[in-house]
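Architecture and fold: a report
The chain contents come next:
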Amino acid sequence: MMKNRNLIVLTGSTSGIGKFTSNNLKKEFDLLHIVRPEKYSVIKKNLASQNNKNSFVLSYNLKKKLNTNNLRKLIKFKNYKNIHLIFFAGKLDVNPNKFDFNDWQETFNVNLFSHLSILNFFLPYILSTRVISKVIFFSGGGAANSFPAFPAYSASKTALVRTVENLGEIYSKSKVNIFAVAPGAVKTKMLKKVLKQTRVGTK
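The paragraphs below set out a description of the structure included in this document. (Residues numbered from 1 in each chain as written. Predicted model: local features only at pLDDT ≥ 70, side-chain atom pairs only at ≥ 80, totals over all residues. Heavy atoms only, no water.)

1. Some remarks on the sheet that holds strand S2 (residues 29-35)
- Taken together, six strands build an open sheet; the order of strands is S3-S2-S1-S4-S5-S6 and the sheet is parallel. Only two strands of the sheet have a single neighbouring strand rather than two, namely strand S3 (55-59) and strand S6 (176-181). Sheet twist, expressed as the mean angle between neighbouring strand axes with direction ignored, is 20 degrees.
- In the packing of helix H2 (residues 37-49) onto the sheet, contacts are made with S2 and S3, and the angle to S3 comes to roughly 165 degrees.
- Lying over the sheet, helix H5 (residues 151-170) contacts strand S5 (133-138) and S6, oriented at roughly 155 degrees with respect to S6. (Pairing = 2+ DSSP bridges. Helix = DSSP H or I, 4+ residues; strand = E, 2+ residues; numbered from the N terminus. Axes fitted to C-alpha atoms, helices over the stretch in contact; angles between N-to-C directions. Contact = heavy atoms within 4.5 Å.)

This is how it looks when you write it as structure tokens:
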């Protein structure tokens, strides 16, 4: 691997918007796919079949606490002049019609806490470089309006937006740009689940 390359760290890159984006990023970027354990072998095999030496994969169940030791063993910071983060992964409520503590906790873990943990791991390195790095969170429509069909999802995405606003101010004078993006309703597997329960805006 050549030194002074750019690394993009992605969650949710195995399907939907994340997959489309990762497949269309310029070859100048190395890609670290952080994927669910059940997807690890599939992605690993795909990268090997494509002889893709600039992409690699980490298994991480976003519902649980991040094992930073696994990341530390995998990332060779000396190879990169800067690192960008794009967080696509998201989870809908499993039991939206009642308050299920475990369901709410897992939804917040996937949509918010796991991504903040990944950001916190990379942030010291990002802040130490002299080039601008970007951190992009996908917030979704659950933060834009009330979303009673999926209250845990909506609450977690709303919390995400406010967290990003705060982080943006905290690091406004640094070399990291942190922002959230809500692309609107896009034809994905998640949208199919949403449409079974409620309507959405323009697709």
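2. Observations concerning the environment of Leu-167
- Turning to its location among the elements, Leu-167 is positioned in helix H5.
- You can call Leu-167 buried: its relative accessible area is 15%.
- For the pair Leu-167 and Phe-179, spaced 12 residues apart in the sequence, the C-alpha separation amounts to 8.6 Å.
- Residues contacting Leu-167, with those up to four places away along its chain left out, are Leu-116, Leu-119 and Ile-178. (Buried < 20%, exposed > 50% of the residue type's maximum accessible area, 1.4 Å probe, protein only.)

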